[in-house]
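Descriptive structure summary
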Amino acid sequence: MFADPALSLPVIFAGLMGLSILAYVVLDGFDLGVGILFPFAGNDERDRMVAAIGPFWDANETWLVLAIGLLLVAFPAAHGMILTALYLPVAVMLVGLILRGVAFEFRAKVAPPHKAMWNAAFFAGSLMTALSQGFMLGLYIMGLVWTPFTVGFALLTAVCLAAGYAFIGATWLIIKTEGALQKKAVRWARSGLYGVLAGLGAVSVASPLVSPRIFDKWFTLPDMLFLAPLPLLAVALVAMIHISLRHLPDSRDRFAYVPFVAATVLFAVCFAGLAFSFYPYVVPEKLTIYAAASAPESLAIILVGTVFVLPVIIGYTVLSYFIFRGKAGELRYD
Amino acid sequence: MMDTLLLSRIQFGANISFHILFPTITIALGWVLLFFRLRYSATGDAKWIGAYRFWVKVFALSFALGVVSGITMSFQFGTNWPGFMERVGNIAGPLLAYEVLTAFFLEAVFLGIMLFGFSKVPAWLHTLATFLVAFGTTMSAFWILVLNSWMHTPAGFELRDGVAFATDWWAIIFNPSMPYRLVHMLLASGLTVAFLMAGLSAWRWLKGERTGELRMALRTGVTLAAVLIPLQILAGDMHGLNTLQHQPAKVAAMEANWDTRPNVPLVLFALPNSETRSNDYEISIPSGASIILKHDPAGVVPGLNDFVAEDGTPLHPPVAPVFWSFRIMVGTGMAMLAVSFAAAVLVWRRGQLETAAGTWGLRALVLMTFSGWVATLAGWYTTEIGRQPWLVQGVLSTAEAVAAVPAPMVLSTLVVYLAIYVALIAAYVSVLFYLAGKAVKGAVSPVAPAPLMPVRPVLQPAE
């Protein structure tokens, strides 16, 4: 199968796109989550929360551009079908991304009386982005069909994804903060975990019920045995997060990274499950990655660039996280 | 009631107009910041890092606005223009992918180090980060102008069942209008930053600030403007001749020339009338356009009437918007030439800024603060409206590419976007002047006044 580029290239690009989406959900997920947690924090704590994500958010958001770019370049027909079906939630998300992106800068630069307004814009933008992404996820699982039931389900996933982002944002704050704010972050993470569980439950029940094809994939032997580790792993990770949160914050600040790392693996496991459910479709039940793929000669030239550039991108991203490691201090230009 | 096509065009036009304002600043400002950083490394003089710290804030703000409006555009390809990717995605896709891979991540990651890393990383790494951010913004401009130029002068492809397939990537990247358009745009960015820096610095000067960092920023802005504007006029002329060769209908609209003939006049003022297909109230210089475009008074210049289908449907762009935006661009360029040359004399001759002439020169610079935006937008309207009715010249029409989204839905998102863009431009401009005002206050009264006791600094002139 991999000898023929018309068959192997779509799989490679679907994989790259999946990785970009996963990187986006984890990385921008935690900084969107920090924005969603804004109303629960005190005024002085908000500057430290922004300092914990300030040097990273821009690069985090670039993974969304890469993911949508790969969808656009590798599966142009699917790109059009998905985005026109999701016209309004995409518009809401874009407005949210605009608001929070500019609020990062404005809140730090405007005259003090206007800061509260930009703090509100930062929260509202983060929440709008998270809700609309969750809504799109739900509608995608429902096959991109707009009926009262599918919209209801999408609204449920919208709330769950926002809770999930708030949860992973809280676990990030546990790493990057100390003292009273860290204690608060632990509490936020505990509450957020319930939202994650609700979302996991809803998606796991709904997707096999909506699509007989997905049902057969998960509940037929012998595939069922190969797939069993995924849900089992998810349960183990949730238990691990739950236990670690009960023991945090630690008096010597040990294990502060455990909830975030476990949450990242949990997100990856759930994402793998979803990806397996929908493969080989890029538009659920309508268009496969093979039918939607661009010309092999165009995909090949992108792949060459990607193979060289992606490791470099990952390299300097790691460098940036290394430079800004440790507890977040005050964000300063000097 | 407006239709989906027109609304989608207005929406994309509004979006890209809003977007271009900010990359136009960041592309050149990145290099100016690198200049400040290198001068600081070389001299150790605090005035250079002072200038860096002020303008890096402007950079960060502009960058954020550029990023978020850019993301909006990348989604609108899919939500409003699916035909674009379906028909020419094999060409446009890799170019956009290379922009993300070689430019976006570079800028985004090193921006964090550039903004917040000054005391966290060694000086060389901070300088390197500044360079990589400047390089990234320029790479981004390169790829996007390659794609845009290809839409004007497509090359290196073949059509199979209406879908474009790449045959020669070298020809696609170095398509006929790319070098001209890229140079024209990079110079436009340089001029936008030059006048922004000069204008905001002149404003600070008029408010009473006299610091070393301000002198350096003012001098840098004015000098850059005076050096770049003659180059830009030359590059613009060459770009125009290139357009005449490849898109004659656009040049005919720019000159409001209806008939192909020799001795075509240069129209200074007219109201192009698309009903009568002639100009009302025309004021023109005889043979002017023939001299500019053909370097010969008797030169034959193509007219709009050559681009009409047999049934009378025009195959050329709407004349009035192209004609007028071109004149606004050229007029702004001429004003830039006059103001930057006069200001260059003022900043380079000792003591001139404190004279009455100096005050007037500084006021003119303040007035020209956003002239780069005006000229850039007018230029983009000239070239992009000038490509209509085509999306990709001769290959794909705008009407073929639009999504069948219901018009009221497009209208509702358009209204929301417009409201946000207007609010954000207002906030952006007011924050620039707020930051400038803060710099003035810090300079004229180094001890910050205690809170709750607002004291007007003695040296600050009345507002």
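Residues numbered from 1 in each chain as written. Chains lettered and ligands numbered in written order. Predicted model: local features only at pLDDT ≥ 70, side-chain atom pairs only at ≥ 80, totals over all residues. Heavy atoms only, no water.

What follows concerns the interface of chain B and chain A. Facing the 65 residues of chain B at the interface are 58 residues of chain A. Buried surface at the junction of chain B and chain A, both sides included, amounts to about 5600 Å², of which 80% is carbon and sulfur. On the chain B side of the interface with chain A, the three residues burying the most area are B:Phe75, B:Phe105 and B:Phe116, jointly 14% of the side's total. The interface formed by chain B and chain A includes 8 residue pairs in polar contact (both at pLDDT 80 or more). (Contact = heavy atoms within 4.5 Å. Buried area = accessible area lost by both parts, 1.4 Å probe. Polar contact = N/O pair within 3.5 Å; in protein donor to acceptor, adjacent residues only side chain to side chain.)

Of the pairings in the sheet, the one linking strand E3 (residues 266–273) of chain B to strand E4 (residues 278–285) of chain B comprises 6 bridges and is antiparallel in character. Residue pairing in the sheet places B:Pro272 in a bridge with B:Asn279 of E4(B). (Pairing = 2+ DSSP bridges. Helix = DSSP H or I, 4+ residues; strand = E, 2+ residues; numbered from the N terminus.)

Take the packing of aromatic side chains next. Taken as a whole and assessed by the stated rule, the structure comprises 40 aromatic pairs over all chains. Centre to centre, the rings of B:Phe22 and B:Trp373 are 5.9 Å apart; their planes meet at 75 degrees, and the pair counts as edge-to-face. One end of the pair, B:Phe22, is in helix H1 (residues 4–43); the other, B:Trp373, is in helix H12 (residues 371–385), and 351 residues separate them in sequence. Here B:Phe22 and B:Trp373 have matching classes, each one buried. Cluster of aromatic residues (ring-pair linked, three or more members): B:Phe18, B:Phe22, B:Phe370, B:Trp373, B:Tyr417, B:Tyr421 and B:Tyr428. In this arrangement the basic side chain of A:Arg46 is found over the ring face of A:Phe38, its NZ or CZ atom lying 5.6 Å from the centre. Here the basic side chain of A:Lys217 rests over the ring of A:Phe276, its NZ or CZ set 4.8 Å away from the ring centre. (Phe/Tyr/Trp six-rings, centres within 6.5 Å; stacked < 30°, edge-to-face > 60°. Buried < 20%, exposed > 50% of the residue type's maximum accessible area, 1.4 Å probe, protein only. Lys NZ or Arg CZ within 6 Å of the ring centre and 35° of its normal.)

This part takes up the nonpolar core. Counting residues in each nonpolar core, the largest one holds 221 residues, and the members touching the most others are A:Phe13, A:Phe106, B:Leu29, B:Trp55, B:Phe84 and B:Tyr428. With residues up to four places along the chain from it excluded, the contact list for A:Phe13 reads A:Leu70, A:Ala74, A:Phe75, A:Leu299, A:Ile302 and A:Leu303. (Core = buried A, V, L, I, M, F, W, Y, C linked by side-chain atoms within 4.5 Å.)

The next thing to look at is the environment of B:Val121. The topology assignment puts B:Val121 in the loop between helix H3 (82–116) and helix H4 (123–152). Those residues in contact with B:Val121 that sit more than four places away from it in its chain are A:Ile323, B:Ile113 and B:His126.

Residue and element names in this part refer to chain B. Residues Leu-268, Phe-269, Leu-271, Tyr-281, Ile-283 and Ile-285 make up a contiguous nonpolar surface patch of about 600 Å² in total accessible area. Tracing the backbone shows Ile-285 in strand E4. Classification of Ile-285 by relative accessible area gives partly exposed; the value is 40%. (Patch = residues over 30% accessible without salt bridge, like charges linked within 9 Å, V, L, I, M, F, W, Y side chains within 5 Å. Areas by Shrake-Rupley, 256 points an atom, 1.4 Å probe, with all protein chains shown as cover. Salt bridge = Lys/Arg side-chain N within 4 Å of Asp/Glu carboxyl O.)

Here we come to unusual backbone geometry. Along the chain, A:Tyr279 connects to A:Pro280 via a cis peptide bond; the corresponding omega equals 5 degrees. Along the chain, A:Pro280 falls in the loop between helix H12 (258–278) and strand E1 (281–283). At the junction of B:Gln388 and B:Pro389, the peptide bond is cis and its omega measures out at 5 degrees in the coordinates. Summarising the element assignment, B:Pro389 is placed in the loop between H12 and strand E5 (390–392). Of note in the backbone geometry, B:Asp161 takes a positive phi value of approximately 50 degrees without being a glycine.

A few words now on the packing of helix H10 (residues 319–348) of chain B against helix H11 (residues 356–367) of chain B. All names here are of chain B. Viewed as axis vectors pointing N to C, H10 and H11 meet at an angle of 140 degrees, and their least axial separation amounts to 10 Å. Considering their axes alone, H10 and H11 lie oblique with respect to each other. Of the two possible hands of crossing, H10 and H11 adopt the one that is left-handed. Together, Val-339, Ala-343 and Leu-346 of H10 and Ala-357, Gly-358, Gly-361, Ala-364 and Leu-365 of H11 make up the contact between the two elements. Partitioning the contact of H10 with H11 into residue classes produces 6 nonpolar, 2 polar and no charged. (Axes fitted to C-alpha atoms, helices over the stretch in contact; angles between N-to-C directions. Parallel < 35°, antiparallel > 145°, perpendicular 65-115°, else oblique. Left-handed = near helix turned anticlockwise from the far one by under 90°. Nonpolar A, V, L, I, M, F, W, Y, C, P; charged D, E, K, R; others polar.)

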